[in-house]
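What follows is each chain in one-letter form.
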Number of protein chains: 2
Amino acid sequence: MASETKLAGNPPGEALLAKFAAIVGEKYAIREPTDMASYLTELRGLYTGIAAIVLRPGSTQEVSEILELANEAGTAIVPQGGNTGLVGGQIPFNGGDEVILSLSRLNRVRNIDPGSNTMTVDAGVVLEQARAAADEVDRLFPLSLPSEGSCQIGGNLSTNAGGAAVLAYGNARELVLGLEVVLADGRIWDGLRSLRKDNTGYDLKNLFIGAEGTLGIITGAVLKLFPKPEAKATGFAGLASVGNIGKLFDIARRIGGHSLTSFEFVPRIGIDYVLRHGDQIRDPLSQAHDWYALVELSGQDSGGGPAELIEAILGEALEAEIVDDAAIAASLGQADDFWRLRELLSEVQGHEGGSIKHDVSVPIAAIPEFIERASKTVTGMIEGARPVPFGHYGDGNIHYNVSQPVGADKEAFIARWDEVNAAVHAIVTEFNGSISAEHGIGRMKRDLLPGVKSEVELDLMRAIRRTLDPNAILNPGKVV
Amino acid sequence: MASETKLAGNPPGEALLAKFAAIVGEKYAIREPTDMASYLTELRGLYTGIAAIVLRPGSTQEVSEILELANEAGTAIVPQGGNTGLVGGQIPFNGGDEVILSLSRLNRVRNIDPGSNTMTVDAGVVLEQARAAADEVDRLFPLSLPSEGSCQIGGNLSTNAGGAAVLAYGNARELVLGLEVVLADGRIWDGLRSLRKDNTGYDLKNLFIGAEGTLGIITGAVLKLFPKPEAKATGFAGLASVGNIGKLFDIARRIGGHSLTSFEFVPRIGIDYVLRHGDQIRDPLSQAHDWYALVELSGQDSGGGPAELIEAILGEALEAEIVDDAAIAASLGQADDFWRLRELLSEVQGHEGGSIKHDVSVPIAAIPEFIERASKTVTGMIEGARPVPFGHYGDGNIHYNVSQPVGADKEAFIARWDEVNAAVHAIVTEFNGSISAEHGIGRMKRDLLPGVKSEVELDLMRAIRRTLDPNAILNPGKVV
């Protein structure tokens, strides 16, 4: 992991802390270590920090006043949403100089306009809540993550969250029409617009989206809504090679078009893990296959739609011997069962010992070659290591995880994390891929950035950061 | 129109011009007034300028050398693509100090990867050429504009072009995965990546997209490709009110879902214009209606798809008396006829005398009220003025055009352009809409920007512009 850095912020003294507390009210200024604990560590225990105080503002205006004060005093601010981030971007360092600014109390759905297909929310609205609000007016907000019961919209946007629906709906970035952002000096940028076409100046919102709280603090957003699909069809296919998964994807894309909403893949070893450790899981196919694809289409009922499309897709693939066997879910319950085979995989890897993880993407056509080379490299480095590559095939995003050899010492395996990461990332870079497809840079991958970005790009990023945050108070030590 | 501004650039002397010419070669350095003419004026004759020289580089490297030299010397550069822009952003001012940098010779399709659904192009590739290259590998590049025979990808991206396919595919911004940009100081940013998921740092590409050549010069792009729809269904409906168009849109969106690819609207007066001045046009419906909607769905053949969807949509709308009459195209030829009713409208307005134009958008649900208020205001200002509102209903983008009163003096009417614009824009702003939905700011709307943007936003834009172009050489006087 990246080494701890003591950053050059100004440690806030008592008088300053009292001023911060006065902005939010004592009730929402947290200083007791036990009360602060949950803000100071993230869910996997990889990063734990210390903060001078946790502030829980109740309005955009309070966020503005906090930043204005912090900017004058040179106090580092760590914005935090649902604290579900996977690269440590929301956790303070160990110096105790930083102030955590929690967005949790900004949790109102401000406005829903189903006629315009837009919804305006506070940044602290939990993703599940946003999805429910859309559902109530017969709309879909398609962003969907495993952590949706906890993660917040502000965090989703700050990390440009992905998830399983990217294939049809895009990343978080593509679901936003406008933002409200508090800048480093406390000024509020009201960019809340709900227009699908607006060419009046620079696209500032996309600077803040994915910037992980380093360029400004998102306090509100206008989100796009979509029609709720009336029908869904889910298929589960067994294949002999990754190359065949690619060919199935081509067929699914061609026949399914706009209606193809998910295309996931899992290796046999992953199915074995789930069958071994999952609860009441059964293999939908009668024989074992080396690879599996989960294909889902959604759309409207008229004209058969998804049901006819999945049959056409799998029919063509079976005939061409691209797919060796396939099952089509006969009910929503059975569709859920197929999805569990894919979704439980993240959980159950822990039962197989240590797992070294990667969150990478490569151009889709390069997936087979990437998996082959990465697995050859990794098993060459660690005899008996068990690659478990799975994920969002249609986005080129592979959770390339490596389980320890059976019976090996877990700690010794995990100790080789950085070494394995470096080898796999080198291959990713050769394919012009990304070493962080979904999770962002945060603290975890900050030191890796110079290895994958040109000096020009790093320089541009730093110049923009200096322009927007000249006193370097916004989440220092994160990203770049 | 905005008054001419003499800008503070350094007029390039002979020695400097010779250096510029040496970069591209004498053959591609244009100094003869007759040869320069076509670069100096735009297609409607609204803006004509003078330039010191027109340079036609043949590579990204040459563009880089030009900018490096210009940055050192303080020479203003006006980037130009197909010269089809509608707000004067590509035309130099009258001082003669500026250098036009034409991207036209950078016209190679660098790479197509149908498996990954991406295509890498030079910025000077003509849009029609890009679409044809995608078609050849059985893919769709969906950006489609009336000017596609001349406009270039670089210009499309620099203005975040829209067009008729935005409803299903998004604006130009949403069709780009990566960019190659030459910065003001000549450094080349290679951001050409073809990944759909990549969260390694700030989203720099979206700064340059829509920046109209003021933050950097786009020299290459990675574009998204899509499956080619196999089937299309087009309907033409007659309705009694704009409110009913909105209700039809809701039905179309709900039933059509992802398959709804266009939703346009036209007023009766527009149909009259087209019937009066168009060639071999006939009204598809037997009676006149106050308003019309053109609805198109596309998708795959399996399961009926578009054909069944359009019947379901129009069937429900007729039953609910939202639509009074409708025709479904029985052939591609008939679909084309429906589209001509919509597309010819832009051309034929000229036959009805002066036309004062607006390119605005409002939230979709506000369209009926906006049209009502704007028309009341405009006819109140100019008795007998004939509003002709039409456009992309599904994007909230209305080409709100106003024809002169029959028999009125055309020049006197056109002389009131700014006055009418100001009144209509004020209403747009009340609805939190955009005064430039598609065409950008350029020179035409630069003075209007402070009226519709907060001081914070203007300040952010200027700060970013200063950071990326400290010597103010990139298209000065445009945008902000």
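Caption draft 1: Broad picture of the confidence of the model for chain A. Residues and elements named next belong to chain A. Chain-level statistics for chain A give a pLDDT mean of 94 and a share of 97% at 70 or above. Confidence drops under pLDDT 50 across residues 1-6; counting only partners more than four residues distant or on other chains, this segment forms 12 contacts. Predicted as a complex, the structure gets a pTM of 0.94 and an ipTM equal to 0.93.

Caption draft 2: The sheet that holds strand S3 (residues 77-80) of chain B, seen in detail. Residues and elements named next belong to chain B. A sheet is described by the order of its strands in space; here four strands give the open sequence S1-S2-S4-S3, paired in mixed fashion. The open sheet is flanked by strand S1 (29-30) and S3, the only strands paired with a single partner. Sheet topology note: the strand S2 (residues 53-55)/strand S4 (residues 99-102) ladder contains three bridges and is parallel. Bridging across to S4, Leu55 finds its partner in Leu101. Most of the contacts of helix H3 (residues 60-73) go to S3, to which it runs at about 155°, and overall it touches S2, S3 and S4.

Caption draft 3: Structural context of the relation of the copies chain B and chain A. Superposition of chain B onto chain A requires a rotation of 180° combined with a translation of 0.0 Å along the rotation axis, giving an RMSD of 0.0 Å. Such values leave the two copies arranged in the relation of a two-fold axis. Most of the interface of chain B is mirrored in chain A, where 99% of its interface residues again form contacts.

Caption draft 4: Representation of the interface of chain B and chain A. Tallying the contact residues gives 93 residues for chain B and 92 residues for chain A. Of all residues in chain B, Lys197, Asn199 and Tyr202 of chain B bury the most surface against chain A, accounting for 14% of the area lost on that side. On the surface where chain B and chain A come into contact, there are 12 salt bridges. Note that Asp395 of chain B and Lys197 of chain A form a salt bridge whose closest N and O atoms lie 3.5 Å from each other. The tally of links between chain B and chain A comes to 44 residue pairs in polar contact (both at pLDDT 80 or more). Looking at the side of chain B that touches chain A, the elements with two or more residues in it are helix H6 (166-169), strand S9 (188-191), helix H7 (205-208), helix H8 (242-256), helix H10 (306-319) and helix H16 (455-468) of chain B. Here the element with the most residues in the side of chain B that touches chain A is H16 of chain B; it accounts for 10 residues. Per-class residue counts for the side of chain B that touches chain A are 34 nonpolar, 37 polar and 22 charged.

Caption draft 5: Up close: empty space enclosed by the protein. Scanning all chains against the criterion turns up seven cavities of 30 Å³ or more. Ser259 and Leu309 of chain A together with Ser259, Gly305 and Leu309 of chain B are the residues nearest the centre of the second largest cavity, which is lined by 22 residues in total. Residue assignment for the lining of the second largest cavity shows that the elements contributing at least two residues are helix H8 (242-256), strand S14 (291-299) and helix H10 (306-319) of chain A together with strand S14 (291-299) and H10 of chain B. For the lining of the second largest cavity, the class distribution of residues is five nonpolar, 17 polar and no charged.

Caption draft 6: Here's a closer look at helix H14 (residues 417-430) of chain B. Residues and elements named next belong to chain B. Helix length check: H14 (14 residues) gives 20 Å between terminal C-alpha atoms against 20 Å at 1.5 Å per residue, within 8%. For H14, the set of buried residues is Trp417, Val420, Asn421, Ala423, Val424, His425, Ile427 and Val428. Where the residues of H14 are buried, they touch strand S16 (355-356), strand S17 (360-361), helix H12 (367-381), strand S19 (397-403) and helix H13 (410-414). In the segment just after H14, Asn432 is the residue with positive phi, at about 60°.

Caption draft 7: How the structure looks around the domain arrangement of chain A. Residue and element names in this part refer to chain A. What the domain assignment lists for chain A is domain 1 (109-227), domain 2 (231-346) and domain 3 (353-439). One C-alpha centre belongs to domain 1, the other to domain 3, and the line joining them spans 31 Å. Taken together, the contact pairs seven residues of domain 1 with four residues of domain 3. When domain 1 packs against domain 3, close to 410 Å² is buried across both sides, 43% of that on carbon and sulfur atoms. A per-residue breakdown of the area domain 1 buries against domain 3 is headed by Thr159, Gly163 and Leu167, which together make up 59% of the total. Where domain 1 packs against domain 3, one counts zero salt bridges. Inspection of the region where domain 1 meets domain 3 yields one residue pair in polar contact (both at pLDDT 80 or more). Looking at the side of domain 1 that touches domain 3 residue by residue, the class counts come to three nonpolar, four polar and no charged.

What counts, and where the lines are drawn
- Residues numbered from 1 in each chain as written.
- Chains lettered and ligands numbered in written order.
- Predicted model: local features only at pLDDT ≥ 70, side-chain atom pairs only at ≥ 80, totals over all residues.
- Heavy atoms only, no water.
- pLDDT = per-residue confidence, 0-100.
- Contact = heavy atoms within 4.5 Å.
- Pairing = 2+ DSSP bridges.
- Helix = DSSP H or I, 4+ residues; strand = E, 2+ residues; numbered from the N terminus.
- Axes fitted to C-alpha atoms, helices over the stretch in contact; angles between N-to-C directions.
- Least-squares fit on C-alpha atoms with pLDDT ≥ 70 in both.
- Buried area = accessible area lost by both parts, 1.4 Å probe.
- Salt bridge = Lys/Arg side-chain N within 4 Å of Asp/Glu carboxyl O.
- Polar contact = N/O pair within 3.5 Å; in protein donor to acceptor, adjacent residues only side chain to side chain.
- Nonpolar A, V, L, I, M, F, W, Y, C, P; charged D, E, K, R; others polar.
- 1 Å grid on protein atoms, 1.4 Å probe; cavity = no way out; pocket = protein on both sides within 12 Å on 5 of 7 lines; lining within 4 Å.
- Points joined across faces, edges and corners; volume = space filled by probe spheres on them.
- Expected span 1.5 Å × (residues − 1).
- Buried < 20%, exposed > 50% of the residue type's maximum accessible area, 1.4 Å probe, protein only.
- Domains from an automatic or database assignment.

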